[in-house]
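Structural characterization, general
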Amino acid sequence: MGKALIIGAGGVASVAVHKCVQNSEVFEEICIASRTKSKCDELKAKLDGGKTKITTAQVDADNVDELIALINEVKPDIVMNLALPYQDLTIMDACLATKTNYMDTANYEPHDTAKFEYSWQWDYKERFEQAGITALLGSGFDPGVTGVFSAYALKHYFDEIEYIDILDCNGGDHGYPFATNFNPEINIREVSANGKYWENGEWIETKPMEIKRVYDFKEVGEKDMYLLYHEELESLAKNMPGLKRIRFFMTFGQSYLTHLKALENVGMTSIEPIEYEGKQIIPLQFLKAVLPDPASLGPRTVGKTNIGCIFKGKKDGKDKTYYVYNICDHQECYKEVGSQAISYTTGVPAMIGAAMVMTGKWNKPGVYNVEEFNPDPFMEELNKWGLPWVEDFNPVLVDELPEEVKESELVR
Ligand code: NDP
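Since the model is a prediction, treat every value here as computed from it, not as a measurement.

Quick look at the overall build of the protein
- Along the backbone of the protein there are 14 helices and 18 strands.
- By the compact-globule yardstick of 22 Å for 412 residues, the protein fits well, its C-alpha radius of gyration being 20 Å.
- A principal-axis box enclosing the C-alpha atoms of the protein has dimensions of 60 × 55 × 40 Å.
- Counting over 412 residues, the protein shows a buried share of 57%.
- Counting every atom, the protein has about 17,000 Å² of accessible surface; 48% of that belongs to carbon and sulfur.
- Averaged over its 42 positive side-chain charges, the protein has a centre that lies 3 Å from the centre of its 64 negative ones.

What follows is the structure, given as structure tokens:
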């Protein structure tokens, strides 16, 4: 069918590459390009010999000219951006210059502020339309599958969805007192920011980890979960008609939170540069360098993830609730592709999203989030490629759980 240029060779890219090779009917050829070429070569050495032709290249994705040269050489049907959110705009610029389709799994982030917002990328809409190319934003799990679940719920089960709660539970245990299961810099930026949710057209801000609930997750058990801001809230608040409220909760263990608090208190999570022995360093980047590489957690992580969305709304004038989720086993993922479930649950939808564009199922000039496309073919592919989903029409709702903070404590 076609050719993909994959940028990045970290945890998520490694899974996506394994999955592209499994789906060789669509991915006849892939080029893996990253800052450190040896990592691309390692992946190639592991997976060469199948039907998908694999090449590798070195690229600095912060440099638009280098990217344009590489795209002109490889001539891919799509660029899969599996590097870091800092590179989103340079890669989109190179795609525009070469009229090549684009996809990613995380919204653009400037280096100096943690924003988690789509405005910069949505600004490319007209230019992508005029160039006749598609940009698919946020095709990981969350964002990604959570948006597809939302579109699917609306299409098949509701006339109107009023409330969405996204529940992201990682019941995995890697045995370290503190480690992050994807890029530590991005992960810590996300969880140390203020919480935020959307209600009746307004954003309501909370202090970090201020709102907590205990939820009993299928196949994982009871976990503490905390309200966080997460980027798909922005696109879903815009794209789901009639929505009254959308929130996002993620589970964290006490050890993780205690370590994070201590690191914050001593200034190690700051993204403000400081001078150290005559050199400017960013404390959070230094912290990343001393933490375990998320890719190394694969062999030692046991347990399961359970990520999904609970919807409440109306069908034929009656109240209706619906919960759709995926359960993924860390060790099963490791056996299949050599990675833990967080990379797996992101890398599989990245491959599927790219395949949707390459096969023309999700091909529409412009810049789109996943929920703006027909969810059905994506949902089918999730079952096929290792992320089967489960439906529950009578779930326990988050609002039925005991409250752990009072509304009056929120910072508005
Ligand atoms: P890693 O840190 O493991 O990998 C990042 C890769 O990008 C590395 O190979 C790195 O190269 C490469 N890279 C970084 N900067 C550049 C550059 N300037 N030029 C070329 N390559 C570069 O991250 P993950 O795989 O964990 O995460 C990848 C992406 O997935 C992130 O954007 C993350 O936010 C997103 N994500 C999305 C999720 C979702 O559900 N939507 C969930 C989890 C992650 P090098 O090896 O040289 O460092």
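Looking at the UniProt feature "domain: Saccharopine dehydrogenase NADP binding" (unreviewed entry) in the protein
- This chain's UniProt record puts "domain: Saccharopine dehydrogenase NADP binding" (unreviewed entry) on residues 5-136.
- In residues 5-136, helix accounts for 42% and strand for 21%; the two terminal C-alpha atoms are 15 Å from one another.

Topic: the sheet that holds strand E1 (residues 2-7)
- The sheet built from 7 strands is open, its strands ordered E3-E2-E1-E4-E5-E6-E17 with parallel pairing. Since the sheet does not close on itself, it has two edges, and those belong to strand E3 (53-58) and strand E17 (366-369), each with one partner. Geometrically, the sheet is characterised by an average inter-axis angle of 20 degrees between neighbouring strands, direction not taken into account.
- Pairing of strand E5 (residues 101-104) with strand E6 (residues 134-137), which is carried by 2 bridges, proceeds in the parallel orientation. When the sheet's bridge partners are listed, Met103 is paired in E6 with Leu136.

Considerations on the pattern of salt bridges
- In the structure shown here, the tally under the stated rule is 18 salt bridges.
- With a shortest N-O distance of 3.0 Å, Asp319 and Lys314 are connected by a salt bridge.
- On the basis of relative accessible area, Asp319 is assigned to the exposed category, the value being 60%.
- With relative accessibility at 27%, the residue Lys314 sits in the partly exposed group.
- Here Glu332 ties to Lys335 by a salt bridge, and the two come within 3.4 Å at their closest N and O atoms. Here the residue Glu332 and the residue Lys335 both occupy positions in helix H12 (residues 330-337), the gap between them amounting to 3 residues, near one helical turn.
- The exposure class assigned to Lys335 is exposed, which follows from its relative accessible area of 63%.
- Linked by salt bridges that have partners in common, Glu162, Lys244, Lys314 and Asp319 make up one network.

With respect to empty space enclosed by the protein
- This structure, assessed with the given rule, holds 1 cavity of 30 Å³ or more.
- Approximately 30 Å³ is the volume attributed to the largest cavity.
- Around the largest cavity sit Tyr118, Leu137, Gly138, Pro143, Gly144, Glu232, Ser235, Asn369, Val370 and Glu371, which together line it.

Considering the pairing of E5
- Burial along E5 is two-sided: the residues Asn101 and Met103 and Tyr102 and Asp104 are all buried.
- Pairing of strand E4 (residues 78-81) with E5 involves 4 bridges; the strand directions are parallel. Across the sheet, Val79 pairs through a bridge with Tyr102, a residue of E5.
- Assessed by its sense of winding, the connection that carries the chain from E4 through helix H4 (residues 88-98) to E5 is right-handed.

Observations regarding the packing of helix H8 (residues 184-192) against helix H10 (residues 254-265)
- Relative to each other, H8 and H10 sit at 90 degrees, their axes nearing to 12 Å. Between H8 and H10, the angle falls in the class roughly perpendicular. Taken together, the residues of H10 that come into contact with H8 (itself represented by Asn187, Ile188, Val191 and Ser192) are Tyr256, Leu260 and Glu264.
- A per-class count over the contact of H8 with H10 returns 4 nonpolar, 2 polar and 1 charged.

Points about unusual backbone geometry
- With an omega dihedral of 5 degrees, the bond running from Asp142 to Pro143 counts as a cis peptide bond.
- Turning to its location among the elements, Pro143 is positioned in the loop between E6 and helix H7 (145-156).
- Of note in the backbone geometry, Lys99 takes a positive phi value of approximately 55 degrees without being a glycine.
- Take Lys99: it is sitting in the loop between H4 and E5.

Re the nonpolar core
- Grouped together as the largest cluster of nonpolar side chains are 91 residues, with contacts concentrated most on Phe27, Ile30, Met80, Phe149 and Phe311.
- Among the elements that take part in this core, helix H13 (residues 341-358) stands out by supplying 11 residues, more than any other.
- Taken together, domain 1 (2-140 + 339-385) and domain 2 (145-336 + 391-405) each give at least three residues to this core, which thus spans both.
- Dropping the residues within four chain positions of it, Met80 is found in contact with Ala4, Leu5, Ile6, Ile7, Ala16, Cys20, Phe27, Met103, Ala350, Met351 and Ala354.

Things to note about the environment of Glu42
- Tracing the backbone through its elements, the reader meets Glu42 in helix H2 (residues 37-47).
- In sequence terms Glu42 and Trp362 are 320 residues apart; their C-alpha atoms lie 31 Å from each other.

As for the packing of aromatic side chains
- Applying the stated criterion across every chain yields a total of 21 aromatic pairs.
- On the numbers, 6.2 Å between centres and 75 degrees between planes, the contact of Tyr152 with Tyr157 is edge-to-face. Side by side, Tyr152 and Tyr157 carry an identical accessibility label, which is buried.
- What links up through ring pairs into an aromatic cluster is the set Tyr152, Tyr157, Phe158, Phe311, Tyr322, Trp389 and Phe393.
- It is Lys196 that lies over the ring of Trp203; its NZ or CZ is 5.1 Å from the centre.
- One Lys or Arg, Lys196, reaches over the ring of Tyr229 and ends 4.6 Å from the middle of that ring.

Each value, and the rule that gives it
- Residues numbered from 1 in each chain as written.
- Predicted model: local features only at pLDDT ≥ 70, side-chain atom pairs only at ≥ 80, totals over all residues.
- Heavy atoms only, no water.
- Helix = DSSP H or I, 4+ residues; strand = E, 2+ residues; numbered from the N terminus.
- Rg over C-alpha atoms; globule rule 2.2 N^0.38 Å.
- Buried < 20%, exposed > 50% of the residue type's maximum accessible area, 1.4 Å probe, protein only.
- Areas by Shrake-Rupley, 256 points an atom, 1.4 Å probe, with all protein chains shown as cover.
- Lys, Arg positive; Asp, Glu negative; His and termini not counted.
- Charge placed at Lys NZ, Arg CZ, Asp CG, Glu CD.
- UniProt positions renumbered as here; feature names shortened; annotations may be inferred.
- Pairing = 2+ DSSP bridges.
- Axes fitted to C-alpha atoms, helices over the stretch in contact; angles between N-to-C directions.
- Salt bridge = Lys/Arg side-chain N within 4 Å of Asp/Glu carboxyl O.
- 1 Å grid on protein atoms, 1.4 Å probe; cavity = no way out; pocket = protein on both sides within 12 Å on 5 of 7 lines; lining within 4 Å.
- Points joined across faces, edges and corners; volume = space filled by probe spheres on them.
- Right-handed = clockwise from strand over helix to strand, strands pointing away.
- Parallel < 35°, antiparallel > 145°, perpendicular 65-115°, else oblique.
- Contact = heavy atoms within 4.5 Å.
- Nonpolar A, V, L, I, M, F, W, Y, C, P; charged D, E, K, R; others polar.
- Core = buried A, V, L, I, M, F, W, Y, C linked by side-chain atoms within 4.5 Å.
- Domains from an automatic or database assignment.
- Phe/Tyr/Trp six-rings, centres within 6.5 Å; stacked < 30°, edge-to-face > 60°.
- Lys NZ or Arg CZ within 6 Å of the ring centre and 35° of its normal.

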